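Notes for the structure review
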Amino acid sequence: VQLQASGGGAVQAGGSLRLSCVASGRTYSIYYMAWFRQAPGKEREFVAAINWRGGSTYYQDSVKGRFTISRDNAKNTLYLQMTSVNPEDTAVYYCAAARAAYIQIPASESPYDYWGQGTLVTVSS
């Protein structure tokens, strides 16, 4: 499976941005997909995840109510709609995919088998 993330860019605080991640290859093996991010000087952290088959979603507390993760199975594409962004959202955003049929802790990095290259989001105040 290959993952290609896009949609990053510069946005002002309070604005919106939509990230996309296109999966190719053996996409039938994917059960979960997620977004992680890494801010400058910080460790990578979980943002949101979605069960690729059933659609259940999971969010980090700081993005609940502001970010929405979704998927288009027909297009093999994962999305992250970001609204009301603030400078603390500045980071490189990575998409990830997992083959496991069940993940107990979707926020953990270890279950994810495939990673995209990342797309940079910069939020100015």
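Look up: the structure comes first, before these words.
For clarity, every value in this text was computed on a predicted model and none was experimentally measured.

Rules behind the numbers
Position labels on residues start from 1 in each chain and follow its written sequence. Where local features are concerned, this predicted model is filtered to residues with pLDDT of at least 70; where side-chain atom pairs are given and counted, the filter is 80 or more; whole-chain, interface and lining totals use all residues. Hydrogens and water are ignored here; the side-chain numbers use all heavy atoms of the structure. Each residue gets one of three labels from its accessible area relative to the maximum for its type: buried under 20%, exposed over 50%, partly exposed in between, using a 1.4 Å probe on protein chains only. Secondary structure follows DSSP: runs of H or I at least 4 residues long count as helices, runs of E at least 2 residues long count as strands, and numbering of each begins at the N terminus. Two strands form a pair only when DSSP identifies at least two bridges running between them. Interaxial angle, 0 to 180 degrees, is taken between N-to-C directions of lines fitted to C-alpha atoms, where a helix line uses only the stretch in contact. A side-chain nitrogen of Lys or Arg and a carboxyl oxygen of Asp or Glu constitute a salt bridge if their distance falls within 4 Å. Throughout, disulfides are identified as pairs of cysteine sulfur atoms within 2.5 Å of each other.

1. A few points about the pairing of strand β8 (residues 77-82)
Burial runs high along β8: 5 of the 6 residues are buried. As defined by bridge partners, strand β3 (residues 17-24) adjoins β8 across 6 bridges and the pair is classed as antiparallel. Within the sheet, the bridge partner assigned to Val22 lies in β8 and is Thr77. With 6 bridges connecting them, strand β7 (residues 67-72) and β8 associate as antiparallel partners. By the bridge assignment, Phe67 is partnered in β8 with Met82. As consecutive antiparallel partners, β7 and β8 are separated by 4 residues, and within that stretch Asn76 has a phi angle of approximately 50°, a positive value.

2. Side note on the sheet that holds β3
Strand pairing in a sheet takes place through backbone hydrogen bonds and is either antiparallel or parallel in direction. Pairing is antiparallel across the open sheet formed by 4 strands, whose spatial order is β1-β3-β8-β7. Two strands in the sheet have a free side with no partner beyond their single neighbour: β1 (2-6) and β7. Between one strand and the next, the sheet's axes are offset by a mean angle of 15°, whatever the strand orientation.

3. A closer look at the pattern of salt bridges
Under the counting rule described, the total for this entry stands at 6 salt bridges. When the shortest N-O distance is used, the salt bridge between Arg37 and Asp89 registers 2.9 Å. Within this pair, whereas Arg37 is found in strand β4 (residues 32-38), its partner Asp89 is found in the loop between β8 and β9 (91-98), the two being separated by 52 residues in sequence. Comparing Arg37 with Asp89, the two get one shared label, buried. Asp113 serves as the salt-bridge partner of Arg99, at 3.4 Å between the closest nitrogen and oxygen. Of this pair, Arg99 sits in the loop between β9 and β10 (114-115) while Asp113 sits in the loop between β9 and β10, and the two are 14 residues apart along the sequence. If you follow the salt bridges from partner to partner, you end up with Arg37, Glu45, Arg66 and Asp89 in one network.

4. Section: the state of the cysteines
Chemically, a disulfide is nothing more than a covalent bond linking the sulfur atoms of two cysteines. Per the stated rule, a full pass over the model turns up 1 disulfide. Cys21 shares a disulfide with Cys95; S-S distance 2.1 Å. Taking the sign of the S-S torsion, 65° for the link of Cys21 and Cys95, the bridge is right-handed. Residue Cys21 is located in strand β3, and its partner Cys95 is located in strand β9; the two are separated by 74 residues in the primary sequence.

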